[in-house]
Structure formats: C-alpha cells, structure tokens
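Fold and geometry: a report
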Amino acid sequence: MKLGLRPERLLSVGSIVADIRIDVPHLPPRGGDVLASTASVSAGGGFNVLAAAARNRLPAVFGGRHGTGPYGARIRADLARESIATLFAPSPRGDSGFCVVMVEPDGERTFITSPGVEAEVAAHELDDLDIRSTDAVFVSGYDLGYPLLGGEIARWIGLWTVDALLVVDPGPLVAEIPTDIFDAALARARVLTLNRREAALFAGTDDVGRIAGFALPRLQAGALLVVRDGPEGCLLFGAGVSDSPVHVSAPSVRALDSTGAGDAHTGVLIAALAAGFDPISAATRANAAAAISVTRRGPATAPTITELDALMAKWSRAAAEL
C-alpha cells in the first residue's frame, strides 16, 4: 500500500471553537428544559485532531483564525498546552465561536454550533501559508461548509504546487457542504474519513460497497477511504489495501462520552501513517485511541503515545491468549 509520503507535520487551516460541554440525563423536549449535572469549557472542533496527533509525536500547527475574546484566549491556552503553534495572530474582528455539546448517559452527544471568526478567512492568509510536500493538511466539513471559509479553502487547495497529504473529514455536516466546494477538496484528498452515518448521508446508501464505489472515484488516485463504525471499529477501502473492504476491529470498552472520538481516531491515524505504519496497522491504532477516548469525559480525550502503546500491548496479549 502506498499513500505517497510520510508527513512530518500536521497543519489544520480550519475551525477551532470552544466546546461548552453539558452532561444531561436526556435531551430536553421542544420548549422544555432539563437540569444538567456538570458543565465545562475547553477547546474543541479541529483542536481535537491536532491534539491527538501531537500526543502521538506528530508535530502539529494551527493555520486558522482565532478570536480576541475569552473563547479565543481559552483556545490559545489549550493549543499552547499541547505545544501546537498558531500561525496567525488573534483576529481583531471578534471572538472565536462555540459549540454546545449535550452528552447523554450512554455517551451520545448532540451539538449546536455558533460560529465566530474561525468561519472567515482572508485570501492572503491562506496564500501566505508555507505548504510543504511533507505536510499532512486537515480539513473538516465545518471548514468547507462555512459560506466564506469553504470557498477560500477550495480555491487554495486548487493552487497547491506541492503534493501534500490532504485529509478530509466531512463530519456531521456532510450533506450541507456545497457540492462544488466538496468535490474540489475530495479531488485532492488522499484520505477521506467519516463515520457510518455520515458515509450514508454522503453516498445516499448504507451499503458499504456502494459507499466505496461512490466515494473512491472522487478522491485522488490511490487514496484511502476510512468508514468509522463506532465500537465495531472501521472499514478500509482503496490505497491498495485489498480488492474488498477490510474490517479492522476495536477493543471493547464501556463508553462514557463519544465526544471527540472520531477526532481522536483521525489524529492518531495520521500520526501512525506518519510513523510508517501501513493503513491496517494505523487504523488498528486509531481504533484503540478512539476506544480510550470514549472512556473519558470531554472533547480532547485522545491518549498519549505511551498510553496507546500500553493498550495495544495489552490488547495483543489478550488476543494471543484466545
């Protein structure tokens, strides 16, 4: 299998927002109310992917906008804690946005996002970024779906003169991304990763074979398609892995909070590919990272490489004893 390169850093140009996480016994009915048990504020969105990669020894940098208010300050503090550099100064146009994350007892989460300055970008900001052939560049569906940001990202990707590894994760808004913008990003993508629900919305079918048949021709030749399937692990297509879909299993855990699990999966997948793991081994590590993530409360709950290696060793021993 060949994806073409082993990236030396991960660059995200998209949106980092503040996650306002609220634990609720159930979602309130329309017009109703519900009492939360706990609440917290931390960086979320694209931060989770960068943090997961950085914790697994892939240097990460943030090339998107961040604001001048309290949410922007919190985001910068969390980035600094993870040793993730910010490439632009705070935007004087306002504060970063926020996302209300309601988490139910079974770990399922529901989002409401209020965009801020991260949803906008000036053309010169992206054009001034130094994209290298050894970069992995992460773009989310939120980034592509924002009216101002999405078009600029698509234009910028089309101007690349280097063959960086573009990773696209469309996320919950997959069906709302303008077709021309989404197609422009996918045409340069070497990795497309999305969960089973998002894949069905994208392809108009829940049949995994048809999903692959719909997605792979839209990607760069030899690209990797990852369909995440929660506790079942993930399915891999393309990239010379196999002529048929490859199922990669995940450790069985008790989920407390699924917020950020997909981001942990993506960040660790990129870091593992950068470290030289083949796609199946990289996906195995990503599945284990997501499994650890759902046992922790909060958005950026990806494990460090030491924690992940320990689980992988334990999982391997358990499998050998069967």
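Everything below is about the structure printed above this text.
Computed from a predicted model, the values in this text were never measured in an experiment. (Residues numbered from 1 in each chain as written. Predicted model: local features only at pLDDT ≥ 70, side-chain atom pairs only at ≥ 80, totals over all residues. Heavy atoms only, no water.)

For the rest of this paragraph, the subject is the nonpolar core. V137, L144, W156, V168 and L192 are the most contacted members of the largest nonpolar core, which has 43 residues in total. Considering every element that reaches this core, the biggest residue donor is helix α5 (residues 147–158), with five residues. Leave out the neighbours within four places in its chain, and L192 touches V168, P170, L186, F202, A215, L219, L224, L225 and V226. Formed by 36 residues, the second largest nonpolar core is a distinct cluster that contains A60, F62, V167 and L224. (Core = buried A, V, L, I, M, F, W, Y, C linked by side-chain atoms within 4.5 Å. Buried < 20%, exposed > 50% of the residue type's maximum accessible area, 1.4 Å probe, protein only. Helix = DSSP H or I, 4+ residues; strand = E, 2+ residues; numbered from the N terminus. Contact = heavy atoms within 4.5 Å.)

This paragraph deals with the sheet that holds strand β9 (residues 165–169). Spatially, β5-β4-β1-β8-β9-β10-β11-β12-β13 is the arrangement adopted by the nine strands of the open sheet, whose pairing is mixed. Of all the strands in the sheet, the pair left with one neighbour each is β5 (85–86) and β13 (246–248). Looking at chain direction, β9 and strand β10 (residues 189–195) are connected through three bridges and run parallel. Bridging across to β10, V168 finds its partner in L192. (Pairing = 2+ DSSP bridges.)

Among the five residues of strand β12 (residues 234–238), five are classified as buried, and the element is accordingly described as predominantly covered. Between the antiparallel neighbours strand β11 (residues 224–228) and β12 lie five residues, among them G230 with a positive phi of about 55°. Pairing of β12 with β13 involves three bridges; the strand directions are antiparallel. Considered in β13, the bridge of C234 is made with V248.

Looking now at the packing of helix α7 (residues 196–203) against helix α8 (residues 208–215). Contact geometry for α7 and α8: axes closest at 10 Å, N-to-C directions at 60°. It follows that α7 is oblique to α8 by the angle criterion. The handedness of the crossing between α7 and α8 is left-handed. Of the residues in α8, those in contact with R196, A199, A200, F202 and A203 of α7 are V208, I211, F214 and A215. (Axes fitted to C-alpha atoms, helices over the stretch in contact; angles between N-to-C directions. Parallel < 35°, antiparallel > 145°, perpendicular 65-115°, else oblique. Left-handed = near helix turned anticlockwise from the far one by under 90°.)

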